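# Examination of the molecular architecture
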Amino acid sequence: MQIGVIGLGRMGSNISRRLMQNGHDVVVYDHDAKVVAALARDGATGTAGLDKLVKELGQPRAVWVMLPAGKITEDVIGQLAKLMAAGDVVIDGGNTFWRDDIRRAKMLQERNIHHIDVGTSGGIWGLERGYCMMIGGPKVIVDRLDPIFSALAPGLGDVPRTPGRNGRDPRAEIGYIHAGPNGAGHFVKMVHNGIEYGLMQAYAEGFDILKNAGSESLPPDGRFDLDLADISEVWRRGSVISSWLLDLTASALAADDELGGFEGVVEDSGEGRWTIMAAIEEAVPADVLSAALFTRFRSRSEHTFAEKILSAMRKGFGAHVEPQAGPKVVTAAVNKVKPT
């Protein structure tokens, strides 16, 4: 199947490569000509503009937009609306606010162009592992694009199958779902990221407690000099709290148990805030997720070891680098732990 991909950052490039590895014809564009050339060397058709990308695609076209949420995505989809034709499809695979999906879908529908929102999880490991996808949009269009989604998905892999799923949508076991109409895909991904904040915060606080167990403020017979690298490693083996996030933490601590390459400044990319907004609108208590978000705010003025743990995990799964004034060398070991 032929598809265009706009935005060739870490995820956009790897999505393009995974599609090509599965036999799809990929036409790419990015403002950086070097990354376009790199994808062209790997077999993609490179283009030098949105108009040229659209012209390279046969109708009905499908264009995957993989850009940061906000103005740049808004502008690109607005330009595509003028370039594409009735029956074409715009796929937004970034972390867009779900209400923007609904608005843009209505705008595109006025031109008989379809809009699909795809909450895409997998980070920098997606090329090898595949992507977990939560999809919103009209069923007929989602079904038409199934060859694309099935190529990007992880597949069954070695994850044990859940008993009692007979008769349910088999795509969920493969790694993607049609969550509902426009906006539903990004809504589910938004909550996914909110949960991610909470899980990360729980690990971070736990390791901070372990690190401070040897504090001189404690009675001498109540102090423990604990090896955090060994604790994180043993928790990976048969523990009920084992996870990929713990794998990343263990890797970072094994490389440097003080996490000296991290300041502890933890950014948020928006989904955590939107999750809390949804909780407020629905009158759903979200104590843990709210606290995790507010801790990230605090980290920008005060840093603890817990925030270093958070930064290490974020670098591990998404190659997110802390904003900082001076250069710091952050160990590459974090990036060596593949998701299990």
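Residue positions within a chain follow its written sequence, with the count starting from 1. Reporting of local features is limited, given that this is a predicted model, to residues whose pLDDT is at least 70; pairs of side-chain atoms are given and counted only at 80 or more, and all residues count toward the totals for whole chains, interfaces and linings. Each side-chain value is derived from all of the structure's non-hydrogen atoms; neither hydrogens nor water enter the calculation.

### A short note on the sheet that holds strand S3 (residues 45-46)
A pair of strands is treated as paired once DSSP finds two or more bridges between them. Only DSSP runs of H or I covering at least 4 residues are called helices, and only runs of E covering at least 2 are called strands; the numbering of each starts at the N terminus. Reading across the sheet, the 8 strands line up as S3-S2-S1-S4-S5-S6-S7-S8 and stay open at both edges, with mixed pairing between neighbours. The sheet is open, and its two borders are formed by S3 and strand S8 (176-180), each paired with just one other strand. Bridge analysis of strand S5 (residues 89-92) against strand S6 (residues 114-121) gives 4 bridges, and the strand direction is parallel. The residue bridging Asp-92 from the neighbouring strand is Asp-117, located in S6. Packing against the sheet, helix H4 (residues 71-83) makes contact with strand S1 (2-6), strand S4 (62-65) and S5, and its axis sits at approximately 170° to S5. In this analysis, two residues are considered to be in contact whenever any of their non-hydrogen atoms come within 4.5 Å of each other. Axis geometry follows a simple rule: fit a line to the C-alpha atoms, using only the stretch in contact for helices, then measure angles between N-to-C directions, giving values from 0 to 180 degrees. Of the strands in this sheet, S5, S6, strand S7 (132-136) and S8 are in contact with helix H10 (residues 184-211), which crosses S6 at around 20°.

### A word on the environment of Ile-3
Relative to the assigned elements, Ile-3 resides in strand S1. To sort residues, take the accessible area from a 1.4 Å probe on protein chains only and compare it with the maximum for the residue type: under 20% means buried, over 50% means exposed, and anything in between is partly exposed. On the basis of relative accessibility, which here comes to 0%, the residue Ile-3 falls in the buried class. Counting along the chain gives 25 residues from Ile-3 to Val-28, while the straight-line C-alpha distance between them is 8.6 Å. For Ile-3, the contacting residues outside a window of four places in its chain are Leu-19, Asp-25, Val-26, Val-27, Leu-57, Ala-62, Trp-64, Ile-91 and Ile-148.

### Examining the environment of Arg-129
Inspection of the secondary structure puts Arg-129 in helix H6 (residues 126-129). Classification of Arg-129 as partly exposed rests on a relative accessible area of 38%. In sequence terms Arg-129 and Gly-155 are 26 residues apart; their C-alpha atoms lie 9.0 Å from each other.

### Quick notes on the pairing of S6
Regular strands place side chains that alternate from one sheet face to the opposite one. Along S6, 8 of the 8 residues are buried, which leaves the element largely enclosed by surrounding structure. Here S6 shows a buried face lined by His-114, Ile-116, Val-118 and Thr-120 and a second buried face lined by His-115, Asp-117, Gly-119 and Ser-121. Look down the strands so they point away from you; if going from the first strand over the helix to the second traces a clockwise path, that crossover is right-handed. For the crossover from S5 across helix H5 (residues 98-109) to S6, the handedness is right-handed. With 5 bridges connecting them, S6 and S7 associate as antiparallel partners. In the sheet register, Val-118 faces S7, and the bridge partner there is Ile-135.

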